[in-house]
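Notes for the structure review
One-letter residues, chain by chain:
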Amino acid sequence: MYEDGDLLFFTNAGVLTREVDKQNFGILTKTQLFAHNTMQQESKRIDPNDLISGTGFLGRMADALTQNGRRVGSFSLDRFHVALIGIPGISDSPMIVNRNGIAQVYMPDDVVATVETLHNVTESDSGFFAETWSTSLMDSLGTNKLLANELRNVETTNEFPMSHLGQQFQTVSKLIATRRQRGVDTDLFYVEIGGFDTHSNVETALNNLFGQINLATEAFRNELKSMNVWQNVTTIHVSDFARTLNPNSGAGTDHAWGGNYMMFGGGVQGGKLVGEYPNDLTDDGPLMLSRGRAIPEISWDAIFLALGTWMGVKDSQVDSVCPNCYQFLPSHFMNPADLFGELPPPEPTATPTSSEPTDSPSFSPSHSPSKSFAPSSIPSVGKTEKPTLRPSLMPSLQPSKRPIEPCVDDKKYTSKVKIDGSTVRKTCKKMKLKKKKNRELFCNLVDKVTKEPVHKSCKAGCKACN
């Protein structure tokens with residue numbers, strides 16, 4: 001696929017709260033590093049400050065696409081994955097599907113009739129909890145019956161290996177084939193394969209696992225091509241972290257950080273590496289920690305935001321889909337047009353624009369030819385409030401106005417503040433700002449990026465400081 005131009009590699013990517021170096025990564029990284037549970041969760045959620053609690057990136061993407069008029073289905077194979085969870089009530093809840101398909105719930109006819117009678121009766125004194133539970137049960141039984149019947153009639157054209165990943169890809173292919181019957185135009189899937197915690201015998205383990213991945217991926221690609229949807233499906237490879245470059249005493253590797261990941265599909269501009277490898281792999285290298293652990297330069301935020309653009313997420317939805325993006329400069333993000341062959345048209349502006357040609361190109365193609373492609377002779381000096389899905393061609397002369405220091409009276413900022421050597425996390429009320437001494441401490445706290453008082457960036461603001 002790489003040689004066919006359908007697969008690319010992201011180099012040195014991973015979980016990041018913001019761009020860091022060897023001196024400050026321990027302080028500025030919110031996620032507990034080198035631990036499976038915390039880094040697996042963060043690679044699925046991509047919300048280190050828990051600004052949209054309990055949601056995952058794909059779930060928030062499903063919410064945005066649903067709000068844009070798309071009909072979205074979400075499936076995780078074999079078990080629950082927080083990656084697919086969105087804000088309740090916006091998009092449909094994700095479904096958990098067995099890698100071998102869906103086994104229809106069996107109930108004798110008399111039991112079915114009894115269940116329907118019990119759960120379809122609504123009385124004036126019926127409780128909200130009971131109504132919600134009954135509705136969920138009947139919806140689940142109905143969906144199970146529909147999917148089981150539809151999948152039973154679907155056969156794949158290509159033979160899939162009987163490996164764990166092969167069975168998952170086969171079921172995903174069948175679900176894609178039923179999209180019209182399910183009434184959706186967009187699907188999100190999460191599949192998983194384990195076995196990479198290679199603390200011993202790494203070479204034997206990887207040879208086996210890479211063989212499984214190669215066979216399963218080849219069958220999946222061939223099936224999507226047979227279905228004529230290869231151009232419409234993109235697959236991204238994600239992991240909690242990479243492994244140490246220096247082996248341990250058991251011929252294995254241990255937990256590291258930045259790694260290399262692949263993305264493939266018919267719409268991918270492949271055959272290339274995105275990013276750069278560290279140029280010094282020794283412990284003295286600027287991006288290298290002990291035993292060959294690399295500090296990532298590409299964040300999952302940047303990768304999935306580019307995917308979101310390809311899927312149809314609008315610029316105005318960035319904050320709701322990628323709540324941590326404000327921590328990065330616009331230059332951190334990738335141009336989606338460099339990763340995908342076709343992109344949706346740009347979001348229309350709130351006010352009509354002049355028909356005269358602009359002096360600077362946009363990343364999205366225009367619907368009508370312009371009269372000039374001359375680049376701007378000087379960079380823009382306008383201040384941006386947040387990064388856009390499409391980074392600017394030239395660096396901004398002004399810093400982002402999103403603060404790095406936390407706003408003490410705004411609950412969505414969960415970072416800690418150090419004042420006079422002690423760590424505090426207090427609201428304005430708790431700061432007792434009626435006292436002159438306390439006002440001098442907080443009201444004069446200056447943000448490191450904007451160089452302005454922190455209280456000015458607070459959502460509500462502290463009146464005592466105004």
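Basis of the calculations
Throughout, residues of each chain are indexed from 1 in the direction in which the sequence is written. Predicted model: local features are reported for residues with pLDDT of at least 70 only, side-chain atom pairs are reported and counted for 80 or more only, and whole-chain, interface and lining totals are derived from all residues. Excluding hydrogens and water, the side-chain figures rest on all heavy atoms present in the structure. Only DSSP runs of H or I reaching four residues or more are called helices, and only runs of E reaching two or more are called strands; each is numbered from the N terminus. Think of it in three bands: with a 1.4 Å probe and only protein chains considered, a residue is buried below 20% of the maximum accessible area for its type, exposed above 50%, and partly exposed in between. Only heavy atoms enter the contact rule, under which two residues are in contact if any of them lie within 4.5 Å. Where accessible areas are quoted, they stem from the Shrake-Rupley method and a 1.4 Å probe; at the residue level, only the protein chains shown are allowed to cover. Strand pairing requires that DSSP identify at least two bridges connecting the strands. Every angle, taken between N-to-C directions, lies between 0 and 180 degrees, and every axis is a line fitted to C-alpha atoms, over only the stretch in contact when it is a helix. Stacked, edge-to-face and tilted labels apply to pairs of Phe, Tyr and Trp rings (six-membered ring for Trp) whose centres lie within 6.5 Å, assigned for plane angles under 30 degrees, over 60, and everything in between, in that order. For a ring to carry a charge above it, either NZ of a lysine or CZ of an arginine must fall within 6 Å of the ring centroid while also lying within 35 degrees of the normal to the ring plane. Here a polar contact is recorded for every N or O atom pair within 3.5 Å, except that within protein the pair must consist of a potential hydrogen donor and a potential acceptor, and residues adjacent in sequence are included only if both atoms are side-chain atoms. Should an angle fall under 35 degrees it is taken as roughly parallel, and over 145 as roughly antiparallel, whereas 65 to 115 is taken as roughly perpendicular and any remaining angle as oblique. Should the near helix be turned anticlockwise from the far one by less than a right angle, the crossing is termed left-handed; should it be turned clockwise, right-handed. Each nonpolar core is a collection of buried residues, namely Ala, Val, Leu, Ile, Met, Phe, Trp, Tyr and Cys, held together in the definition by side-chain atoms within 4.5 Å. The disulfide criterion used throughout: a pair of cysteine sulfur atoms within 2.5 Å. The span you would expect from a helix comes to 1.5 Å times its residue count less one.

Quick word on the overall build of the protein chain
Helix and strand counts for the protein chain come out as eleven helices and ten strands. Expressed as a percentage of its 466 residues, the buried residues of the protein chain come to 43%. Look at the contacts in the protein chain between residues 6 or more apart in sequence, and 69% of them connect residues 24 or more apart. Only carbon and sulfur atoms are counted for the fraction: they give 52% of the accessible area of the protein chain, which is about 25,600 Å².

Overview of the sheet that holds strand E4 (residues 186-190)
The three strands lie next to each other as E3-E2-E4, forming an open sheet whose pairing is parallel. Unpaired on one side and paired on the other, strand E3 (95-97) and E4 mark the two borders of the sheet. Across the sheet, the axes of successive neighbouring strands diverge by a mean angle of 30 degrees, strand direction being ignored. Across five bridges, strand E2 (residues 72-77) lies against E4 in parallel orientation.

Digging into helix H2 (residues 36-45)
Turning to H2, its buried residues number three or more, namely Met39, Glu42, Ser43, Lys44 and Arg45. Where H2 is buried, its residues meet helix H3 (57-67), E4 and helix H9 (300-311). Following H2 by one or two positions, Ile46 adopts a phi angle in the positive range, close to 55 degrees.

Observations concerning the packing of aromatic side chains
The final tally for this structure, using the stated rule, is eleven aromatic pairs. With centroids separated by 5.6 Å and ring planes inclined at 15 degrees, the aromatic side chains of Phe75 and Phe189 adopt a geometry described as stacked. Taken together, the residues Phe75 in strand E2 and Phe189 in strand E4 connect sequence positions 114 residues apart. Overall, Phe75 belongs to the buried group, its relative accessible area being 3%. Pairing Trp300 with Phe304 gives two aromatic rings, centres 6.1 Å apart and planes at 55 degrees, and the pair type is tilted. Taken as a pair, Trp300 and Phe304 lie in helix H9 at a separation of four residues, close to a single helical turn. Each member of the pair, Trp300 together with Phe304, is buried. Directly above the aromatic system of Phe34 lies the positively charged group of Arg293, at a separation of 5.4 Å from the ring centroid.

Considerations on the side chain of Arg45
Structurally, the position occupied by Arg45 is in helix H2. One polar contact links the side chain of Arg45 to the main-chain carbonyl oxygen of Thr55, over a distance of 3.2 Å.

Some points on the packing of helix H6 (residues 164-177) against helix H8 (residues 202-226)
For any two helices packed against each other, one specifies the crossing angle of their axes together with the interaxial distance. Direction vectors running N to C along H6 and H8 enclose 15 degrees, while the axes themselves pass 9 Å from each other. Overall, the two elements H6 and H8 adopt an arrangement that is roughly parallel. Handedness of the crossing formed by H6 with H8: right-handed. Facing Leu165, Gly166, Phe169, Val172, Ser173 and Ile176 of H6, the residues of H8 in contact are Ile213, Ala216, Thr217, Phe220, Glu223 and Leu224.

With respect to the nonpolar core
Within soluble globular proteins, side chains that are nonpolar generally end up buried alongside one another. Counting residues in hydrophobic clusters, the biggest one holds 52 residues, and the most contacted among them are Phe10, Met61, Trp257, Leu339 and Phe340. Those elements that place two or more of their residues in this core are strand E1 (7-14), H3, E4, strand E6 (259-265), H9 and helix H10 (318-321). In terms of residues, this core owes the most to one element, H9, which gives nine residues. Those residues in contact with Leu339 that sit more than four places away from it in its chain are Leu8, Phe10, Met263, Gly267, Val268, Gln269, Val274, Ala306 and Met334. With 22 residues, the next largest nonpolar core counts Phe75, Phe169, Ile213 and Met262 among its residues.

Focus on the pairing of E2
Among the six residues in E2, six count as buried, and that is most of the element. Taking every second residue as pointing to the same face, both faces of E2 are buried, with Val72, Ser74 and Ser76 on one and Gly73, Phe75 and Leu77 on the other. Summarising the sheet, E2 and E3 pair through three bridges and their orientation is parallel. Within E3, the position partnered with Leu77 by the bridge is Val97.

Focus: the state of the cysteines
In a disulfide, the sulfur atoms of two cysteines are covalently bonded to one another. Evaluated as defined, the whole model comprises one disulfide. Linked covalently through their sulfurs, Cys322 and Cys325 form a disulfide whose S-S length is 2.1 Å. With the S-S bond torsion at 90 degrees, the cross-link from Cys322 to Cys325 turns out right-handed. As far as burial versus exposure is concerned, Cys322 and Cys325 are alike and both buried.

Things to note about the environment of Phe264
By secondary structure assignment, the location of Phe264 is in strand E6. The class of Phe264 is buried, set by a relative accessible area of 3%. Put simply, Phe264 and Leu8 are 256 residues apart on the chain and 6.5 Å apart in space, counted from C-alpha to C-alpha. Contact partners of Phe264, with chain neighbours within four places excluded, come to Met1, Asp6, Leu7, Thr217, Phe220, Trp230, Val233, Thr234 and Thr235.

Let's talk about the side chain of Asp47
Along the chain, Asp47 falls in the loop between H2 and H3. Asp47 gets classed as buried once you look at its relative accessible area, which sits at 1%. Among the polar contacts listed, one links the side chain of Asp47 to the backbone nitrogen of Leu51, at a separation of 3.0 Å. Not counting residues up to four positions away in its chain, the partners in contact with Asp47 are Glu42, Ile52, Ser53, Arg60 and Pro323.

A closer look at H6
Taking 1.5 Å of rise per residue, the 14 residues of H6 would be expected to cover 20 Å, and the 20 Å separating its terminal C-alpha atoms lies within 8% of that figure. Among all positions in H6, only Leu165, Gly166, Gln167, Gln168, Phe169, Thr171, Val172, Ser173, Leu175 and Ile176 are buried.

Purely geometric stuff here, so don't read any function into it on its own.
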